[in-house]
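Close look at the chain arrangement
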Amino acid sequence: MASTTNLLATLGDLERESFVSLLSKLIGESKHVQNNPPELIPQEDRVVKHVLDSLLPFSTSTGGGPLLLNHVAYLPGRGNLIVEYPGTVPGKILSFVGCHMDVVTANPDDWDFDPFTLSIDGDKLRGRGTTDCLGHVALVTQLMKKLGETKPKLKSTVVAVFIANEENSAITGVGVDALVNNGLLNKLKDGPLFWIDTADKQPCVGTGGMIPWKLNVTGKLFHSGLAHKAINALELAMDALKEIQLRFYHDFPPHPREQVYGFATPSTMKPTQWSYPGGGINQIPGECTISGDVRLTPFYNVKDVMKKLQEYVNNINENIQKLETRGPVSKYVLPDENIKGSLTLTFDEALSGVACDLNSRGFHVLCKATEEVVGHVKPYSITGSLPLIRELQDEGFDVQTSGYGLMVTYHAKNEYCLFTDMSQGYGVFARIISQLEDSE
């Protein structure tokens, strides 16, 4: 079998010209893989085509090499691609998953350069998808291409899974969820699965769940000069939300394991949007809506929190007369008219967070490889959310996450990545494969 030294020499370094050439083609498709239905539905097969063009010469499909290619589409034009480099030991496997071929939207008018064409500024590779996640698609493609070219004899099977439909969950049954449901990734459970879709070159060991919520508040509209005849929906919303937040932070305080995982913040529940139907400055509004989200560390259960939030709202509605008010005529009940203010809570689709297994072989090899290549290792956790990976963990996969773009440009205008960071990512992947060759 390939020794560690020989394998690293065989895989070498990331070849800039080949990487940039492929990335240029992928960024050239980014306009067509923006994911914001119903207006923008990505056509991920436009990206698949370029990946296949790189890998087909080294595949069993052409007889030119050992790579096994499986292009799987559940909707026309919206494919996934599974690439396998076979090892010699049955059941010994590792995988690089999560490189998605859709991107978030970009408005060229807001950018300093064309988001849909790769531009190069020294070490900077600029364009929509360079960090998230077409840069990773190109990077992992280069790794699999090198394996196909050089044909090192490995005990481990190495699998790359390029996925559709990561950036939006309005349409399901297209990407990794469908691959899992159809059993196409089952054998990846036998080894570590590295989800390559984060940033800053360090292991991301924890992510947050997200619960989008909407609080509709009903009061009674009236003239602002006769405030005693109104129920001010804005004041009711503020006072009710404060009470809901106080109860949330009492029931879901900072969890002891958050420090172990290095979470930047504990769980939070806060408003992010406010709307009301409009009216004159001399009208006390009779309705309004506050929207926001809960960001939940993975040590709490999303369904438990949703149940609790609904209980808070029910309790406030039943005891609305006890809610703190503002000033001598501010009130949320008008007994003479038999009118009470009321709250209605609704939720959009929630996501669960994930805490990676800090004792797994996958975590240890990722940390060691990162330290060797980057020079230090500092795992981190955020209450930002990554869709899909909690479901993989619940299905029995050893999920570890990392990425080699830049967090500061994630989903941002003027997105870019650094070639040197991507090159280090390639080095980390090579060392992960090498370490797992040495382990039983």
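Presented here is a report on the structure given in the accompanying data block.

The rules behind these values
- Residues numbered from 1 in each chain as written.
- Predicted model: local features only at pLDDT ≥ 70, side-chain atom pairs only at ≥ 80, totals over all residues.
- Heavy atoms only, no water.
- Helix = DSSP H or I, 4+ residues; strand = E, 2+ residues; numbered from the N terminus.
- Contact = heavy atoms within 4.5 Å.
- Lys, Arg positive; Asp, Glu negative; His and termini not counted.
- Charge placed at Lys NZ, Arg CZ, Asp CG, Glu CD.
- Phe/Tyr/Trp six-rings, centres within 6.5 Å; stacked < 30°, edge-to-face > 60°.
- Buried < 20%, exposed > 50% of the residue type's maximum accessible area, 1.4 Å probe, protein only.
- Patch = residues over 30% accessible without salt bridge, like charges linked within 9 Å, V, L, I, M, F, W, Y side chains within 5 Å.
- Areas by Shrake-Rupley, 256 points an atom, 1.4 Å probe, with all protein chains shown as cover.
- Salt bridge = Lys/Arg side-chain N within 4 Å of Asp/Glu carboxyl O.
- Pairing = 2+ DSSP bridges.
- Axes fitted to C-alpha atoms, helices over the stretch in contact; angles between N-to-C directions.

Scanning the protein chain from terminus to terminus reveals eleven helices and 20 strands. Based on the C-alpha atoms only, the size of the protein chain along its principal axes is roughly 85 × 45 × 40 Å. For the protein chain, restricting intrachain contacts to residue pairs at least 6 apart in sequence, the fraction spanning at least 24 positions comes to 81%. A gap of 2 Å separates the mean positions of the 39 positive and 51 negative side-chain charges of the protein chain.

Overall, the coordinates contain ten aromatic pairs when judged by the stated rule. Look at F248 and F252: their rings are 5.4 Å apart centre to centre, the planes differ by 35°, and that puts the pair in the tilted class. Looking at F252, the relative accessible area reads 7%, which means it is buried. Both rings, one in F263 and one in F299, keep their centres 6.0 Å apart while their planes meet at 85°; by these two values the pair is edge-to-face. With F263 in the loop between α7 (257–261) and β11 (268–275) and F299 in the loop between β13 (287–296) and α8 (302–318), this pair connects stretches of sequence that are 36 residues apart.

In this chain, P37 is followed by P38 through a cis amide linkage whose omega measures 5°. Note the cis peptide between D132 and C133, where omega equals 5°. With respect to the helices and strands, C133 occurs in the loop between β5 (124–126) and α4 (134–150). We note that K151 has phi near 50°; this positive angle belongs to a residue other than glycine. Take K151: it is sitting in the loop between α4 and β6 (157–163). Assessed through its relative accessible area of 46%, K151 is described here as partly exposed. Although it is not a glycine, K201 adopts a positive phi angle of roughly 70°. Take K201: it is sitting in the loop between β7 (192–196) and β8 (204–207). The class for K201 is buried, based on a relative accessible area of 17%.

Attention now goes to the side chain of S330. On the secondary structure map, S330 appears in the loop between α8 and β14 (333–334). On the basis of relative accessible area, S330 is assigned to the buried category, the value being 11%. With near-sequence residues (within four places) excluded, S330 lies in contact with E235 and T325.

Further remarks concern a negative patch on the surface. Negative charge collects at one region of the surface, where D348, E349, E391 and E395 lie side by side. With respect to the helices, strands and loops of the structure, E349 is situated in the loop between β16 (342–347) and β17 (354–355).

Quick look at the sheet that holds strand β9 (residues 209–218) now. Within the open sheet, the four strands sit side by side as β11-β13-β9-β16. Their pairing is antiparallel. Every other strand in the sheet has two partners, leaving β11 and β16 as the edge strands with one partner each. Ignoring which end each strand starts from, the neighbouring axes of this sheet average 25° apart. By the bridge criterion, ten bridges tie β9 to β13 in an arrangement that is antiparallel. Looking across to β13, one finds that M210 is bridged to R295. Strand contacts of helix α6 (residues 233–251): β9, β11, β13 and β16, with the helix running at about 165° to β11, the strand carrying the most contacts. Packing against the sheet, α8 makes contact with β9, β11, β13 and β16, and its axis sits at approximately 165° to β16.

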